[in-house]
Number of protein chains: 2
Amino acid sequence: MKFPNKYLRNLRPYKLASHKVWQVNPEERQKVLKLDWNEATVPPTPLVKEMVQKLIDEPMFFNLYPSTFNEHLIELLSKYVGLPKENLQYFGSSDLLHEYICKVFISVGDPVLILGPSYDNFRLTCQANGANVYWSNYTDDFKFDKENFESDIRKIEPAVVYICNPNNPTGHVHTVDYIKYLLDEHSDTLFLIDEAYQEFSGVTAKNLVLEYDNILISRTMSKAFALANFRVGYLIASKDNVQFINRIRNPKNLTTFAQTATIAALTDVEYMNNYTKEVNLAKCWFKEKLETLFSKKMKPYESAGNFIMIEFPSYNEKMSLLQFLAENNIFVRDCTQGYSVRKCFRITIGTKKQMEIVLNVMMKYYAI
Amino acid sequence: MKFPNKYLRNLRPYKLASHKVWQVNPEERQKVLKLDWNEATVPPTPLVKEMVQKLIDEPMFFNLYPSTFNEHLIELLSKYVGLPKENLQYFGSSDLLHEYICKVFISVGDPVLILGPSYDNFRLTCQANGANVYWSNYTDDFKFDKENFESDIRKIEPAVVYICNPNNPTGHVHTVDYIKYLLDEHSDTLFLIDEAYQEFSGVTAKNLVLEYDNILISRTMSKAFALANFRVGYLIASKDNVQFINRIRNPKNLTTFAQTATIAALTDVEYMNNYTKEVNLAKCWFKEKLETLFSKKMKPYESAGNFIMIEFPSYNEKMSLLQFLAENNIFVRDCTQGYSVRKCFRITIGTKKQMEIVLNVMMKYYAI
């Protein structure tokens, strides 16, 4: 007797990257350069620790379910995003938001089109909800092929098209004009724009939700705002779409710690802005160094996120460097989404000081 | 153009209870007796605060995704439950575990049978996943009707039968022998036993997962362990069933705060045991007082959980007392699951001292 339903029998799980940082003691943790999950490489604004500490000193609340509606949090989000409160909703991670989106907008058997290679957890979420996932792929050298993509949309007639913008791991970013064009051109298709890395690119389609109901935007507090541990994401969408999702959203899911940390981070947006500027400068510097020093060893791709994807002449050369970096406590992300990225890894960009450490280890590896 | 899929169009949302405690400042919060969500009415073991404080004093981890596999936590769970690690898995709330269960074991259109009235959020989770929900009901005076229930199982042939044990809000508890009998008798049917209140009843079907694969048990750290704010639940099931769910489980979902608090609580099980004993004594005392003092005004039902359901002669009489209690900062839960409970509310049982406060306000209301 086997209970699991039919679309789960052959499901390929989301592949988890190494996570050694939690296997060492807290002091050792600081020696690890965790550049594998695109987290911020620095702590969030000190206001987070301060407000979390204040929370703990308050009369005990651990035994109570968290507030199911934090108006202050929604107001700060509204101010930060620059859109009315009714166009926003927070969730216990953007992964969880993606779950709700699949539930509300996808029926079993519906086709979903992912512009890939991309964030693989969304593929799993779709398949776990019974969708048929199709890919429209970047070219072999990771360029966007407009004709091919739009022909795939027409051919597959997907219920949802997923575009990660900027895209993880390739780094490509679409303009707002192009997204607007897609919404007009394919007005019966729902586009989910994953803006997890939006703060690094500065490009956002957020204003389109005021005009269009075939766009949903997911965002996260895990990247630029440095709150990955708290698991907070949010939705930007038309009022109607926010309300559809609210009908099944579990409002207990965001703990008071997470609510407080988000409020703290949104109270000091300047701190985040400074960090994204620093990362973007370090990214240019690091990419240029790779191109100068290792021009025959690897090819780093242009990226609008806090990461770059690097391609190597062969799979073995990639794995060899990846392992050497790991031995030196530098963790990068092996790209495993398919054949096209088999010779690539993705490295999160941190501060210039952190990237200097990485570069030095690479120079040691190549004996430069 | 309307995107939402067909089974969501007419969905009735889970009705949220009052939550005034988060609208007052932390000092005021202590004056509120929050007896509406069956949370513990006291803080968890002081070890929780201590370990959470220690965590904050560690080098910053806020920017990192939480550990995706906390072996210490699983070991402590295994010790507490008294079953091998392979029969256990933790989740970011039992609500979230229920989501995964629906996804793995229910296909769209499948019938699900709920022994009700019961926890209404599970109904919503099933419907949001496209299941057809049926109820098998307790009798008009909230007794369990074995013949009727089993005839409903045979008639409806559900993919999943949901039994909350002890049942919220009616308080009824099934014996392990009866659950074992159900598993034998309906061996093609999957039974989900929600043991959210198990620590108060002392009755658990947990050992049956070693023999049967048609039983899943969900538990929570939100009730007896007093960790509602952290949103932690866990599954007890056969090794195969745990693995099925692991295929789609998002392992990032439990924050380091939640992992740490759970470890702290499981390190001091005695504290929890003392609390459940205290609640059970207060429950007997309170019920007896109600029966003695207000025999013509209300009927409290026997309960194996940390709550009792009270029935009033009319809906208006219920609402009037409920409002009077609220004016006195005592919040109880209006039962809104349907016609049978329309004259009932549910009150969480706390310590004897807390229940004395409630009783005094009731005496004031009835001018005794």
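Worth saying up front: this structure is predicted, and the values here are computed from it rather than measured.

### Brief notes about the overall build of chain A
At step 1: Along its length, chain A carries 13 helices and twelve strands.
At step 2: Over its C-alpha atoms chain A spans a radius of gyration of 21 Å, differing by no more than 12% from the 21 Å that the globule rule assigns to 368 residues.
At step 3: If one aligns the C-alpha atoms of chain A with their principal axes, the spans along those axes are about 60 × 60 × 55 Å.
At step 4: Counting every position in chain A, which comprises 368 residues, the buried fraction comes to 64%.
At step 5: If you take every contact in chain A between residues at least 6 apart in sequence, the share linking residues at least 24 apart comes to 72%.
At step 6: Carbon and sulfur atoms make up 49% of the accessible area of chain A, which totals about 13800 Å².

### Comments concerning the nonpolar core
At step 1: Of all hydrophobic cores here, the largest spans 182 residues; its most connected members are Phe 230 and Phe 257 of chain A together with Phe 230 and Phe 257 of chain B.
At step 2: Filtering out sequence-adjacent residues up to four positions away, Phe 257 of chain A remains in contact with Val 52, Leu 55, Ile 56, Phe 61, Phe 62 and Phe 230 of chain A together with Val 52, Asn 229, Phe 230 and Phe 257 of chain B.
At step 3: Judged by nonpolar contacts, the second largest core, of 66 residues, contains Phe 91 of chain A together with Ile 101, Tyr 119 and Ile 245 of chain B.

### A word on the packing of aromatic side chains
For any pair of aromatic rings, geometry is given as the distance between the ring centres together with the angle between the planes.
At step 1: For the structure on display, the rule yields 42 aromatic pairs over all chains.
At step 2: For the ring pair Phe 144 of chain A and Tyr 178 of chain A, a centre distance of 5.5 Å and an interplane angle of 70 degrees mean the geometry is edge-to-face. Taken as a pair, Phe 144 of chain A in the loop between strand 4 (132-137) and helix 6 (146-156) and Tyr 178 of chain A in helix 7 (residues 176-185) lie far apart in primary sequence, 34 residues in all.
At step 3: With 4.2 Å between their ring centres and 15 degrees between their planes, Phe 122 of chain B and Tyr 162 of chain B make a pair best called stacked. Note that Phe 122 of chain B is positioned in helix 5 (residues 120-128) and Tyr 162 of chain B in strand 5 (residues 160-164), a separation of 40 residues in sequence.
At step 4: Of the residues examined, Phe 122 of chain B reaches a relative accessible area of 0% and is grouped as buried.
At step 5: By the ring-pair criterion, three or more aromatic residues cluster together here, those being Trp 22, Phe 61, Phe 62, Phe 230 and Phe 257 of chain A together with Trp 22, Phe 61, Phe 62, Phe 230 and Phe 257 of chain B.
At step 6: Note that Arg 342 of chain A overlies the ring of Tyr 339 of chain A, its terminal NZ or CZ placed 3.6 Å from the centroid.
At step 7: Sitting over the face of the ring of Phe 91 of chain B, Arg 249 of chain B holds its NZ or CZ atom 5.4 Å from the ring centroid.

### Describing the environment of Leu 124 of chain B
Residue and element names in this part refer to chain B.
At step 1: Inspection of the secondary structure assignment puts Leu 124 in helix 5.
At step 2: Assessed through its relative accessible area of 4%, Leu 124 is described here as buried.
At step 3: C-alpha of Leu 124 to C-alpha of Val 104: the two residues are 20 residues apart in sequence and 16 Å apart in space.

### Quick word on the environment of Leu 192 of chain B
Residues and elements named next belong to chain B.
At step 1: For Leu 192, the position within the fold is in strand 6 (residues 190-194).
At step 2: In this structure the C-alpha to C-alpha distance between Leu 192 and Ile 101, which are 91 residues apart in sequence, comes to 8.9 Å.
At step 3: Dropping the residues within four chain positions of it, Leu 192 is found in contact with His 98, Ile 101, Phe 122, Val 160, Val 161, Tyr 162, Ile 163, Leu 216 and Ser 218.

### Description of empty space enclosed by the protein
At step 1: Under the criterion given, the structure shown has ten cavities of 30 Å³ or more.
At step 2: Put simply, the largest cavity is a space of about 160 Å³.
At step 3: Taken together, 16 residues line the largest cavity, and the ones lying closest to its centre are Gly 92, Arg 231 and Asn 253 of chain A together with Gly 92 and Asn 253 of chain B.
At step 4: In terms of residue class, the lining of the largest cavity is made up of eight nonpolar, six polar and two charged.

### Let's talk about the relation of the copies chain A and chain B
At step 1: With an axial shift of 0.0 Å and an RMSD of 0.0 Å, the rotation relating chain A to chain B amounts to 180 degrees. On this basis, the relationship between the two copies can be described by a two-fold rotation axis. Measuring from the rotation axis to each C-alpha of chain A, the shortest distance belongs to Val 108 of chain A, at 3.6 Å.
At step 2: Most of the interface of chain A is mirrored in chain B: 100% of its interface residues are interface residues there too.

### Here's the deal with the pattern of salt bridges
Residue and element names in this part refer to chain B.
At step 1: This model, assessed by the stated rule, comprises 38 salt bridges over all chains.
At step 2: Put simply, Glu 39 and Lys 34 hold a salt bridge, and the shortest N to O gap is 2.9 Å.
At step 3: With a relative accessible area of 0%, Glu 39 lands in the buried category.
At step 4: The exposure class assigned to Lys 34 is buried, which follows from its relative accessible area of 7%.
At step 5: Among the salt bridges present, the one from Arg 231 reaches Asp 95, with a minimum N-O distance of 3.4 Å. Here Arg 231, found in the loop between strand 7 (215-220) and strand 8 (233-236), pairs with Asp 95, found in helix 4 (residues 94-105); they are 136 residues apart in sequence, far enough to count as distant.
At step 6: Looking at Arg 231, the relative accessible area reads 5%, which means it is buried.

### Things to note about the domain arrangement of chain A
All names here are of chain A.
At step 1: When its domains are assigned, chain A resolves into domain 1 (20-41 + 270-365) and domain 2 (58-267).
At step 2: Each side of the interface is counted separately: domain 1 has 25 residues, and domain 2 has 24 residues.
At step 3: When domain 1 packs against domain 2, close to 1900 Å² is buried across both sides, 65% of that on carbon and sulfur atoms.
At step 4: Its largest share of buried area at the contact with domain 2, domain 1 owes to Met 272, Ala 304 and Gln 337, together 29% of the area lost on that side.
At step 5: Scanning the region where domain 1 abuts domain 2 turns up zero salt bridges.
At step 6: Seen at the junction of domain 1 and domain 2, the total is seven residue pairs in polar contact (both at pLDDT 80 or more).
At step 7: When residues of the side of domain 1 that touches domain 2 are traced back to their parent elements, those giving at least two are helix 11 (269-293), strand 10 (307-311) and strand 12 (344-348).
At step 8: Per-element tally for the side of domain 1 that touches domain 2: the top contributor is helix 11, with five residues.
At step 9: The class makeup of the residues in the side of domain 1 that touches domain 2 is 13 nonpolar, eight polar and four charged.

### Concerning the interface of chain A and chain B
Interfaces are frequently sized by the accessible area removed from exposure as the parts join.
At step 1: At the interface, 88 residues of chain A touch 88 residues of chain B.
At step 2: One can count six salt bridges joining chain A with chain B.
At step 3: Across the salt bridge formed by Asp 95 of chain B and Lys 252 of chain A, the nearest N and O atoms sit 3.3 Å from each other.
At step 4: Between the two partners, chain A and chain B, sit 37 residue pairs in polar contact (both at pLDDT 80 or more).
At step 5: With seven residues, the top contributor of residues to the side of chain A that touches chain B is helix 4 (residues 94-105) of chain A.
At step 6: Its residues placed into classes, the side of chain A that touches chain B shows 45 nonpolar, 23 polar and 20 charged.

Conventions adopted
- Residues numbered from 1 in each chain as written.
- Chains lettered and ligands numbered in written order.
- Predicted model: local features only at pLDDT ≥ 70, side-chain atom pairs only at ≥ 80, totals over all residues.
- Heavy atoms only, no water.
- Helix = DSSP H or I, 4+ residues; strand = E, 2+ residues; numbered from the N terminus.
- Rg over C-alpha atoms; globule rule 2.2 N^0.38 Å.
- Buried < 20%, exposed > 50% of the residue type's maximum accessible area, 1.4 Å probe, protein only.
- Contact = heavy atoms within 4.5 Å.
- Areas by Shrake-Rupley, 256 points an atom, 1.4 Å probe, with all protein chains shown as cover.
- Core = buried A, V, L, I, M, F, W, Y, C linked by side-chain atoms within 4.5 Å.
- Phe/Tyr/Trp six-rings, centres within 6.5 Å; stacked < 30°, edge-to-face > 60°.
- Lys NZ or Arg CZ within 6 Å of the ring centre and 35° of its normal.
- 1 Å grid on protein atoms, 1.4 Å probe; cavity = no way out; pocket = protein on both sides within 12 Å on 5 of 7 lines; lining within 4 Å.
- Points joined across faces, edges and corners; volume = space filled by probe spheres on them.
- Nonpolar A, V, L, I, M, F, W, Y, C, P; charged D, E, K, R; others polar.
- Least-squares fit on C-alpha atoms with pLDDT ≥ 70 in both.
- Salt bridge = Lys/Arg side-chain N within 4 Å of Asp/Glu carboxyl O.
- Domains from an automatic or database assignment.
- Buried area = accessible area lost by both parts, 1.4 Å probe.
- Polar contact = N/O pair within 3.5 Å; in protein donor to acceptor, adjacent residues only side chain to side chain.

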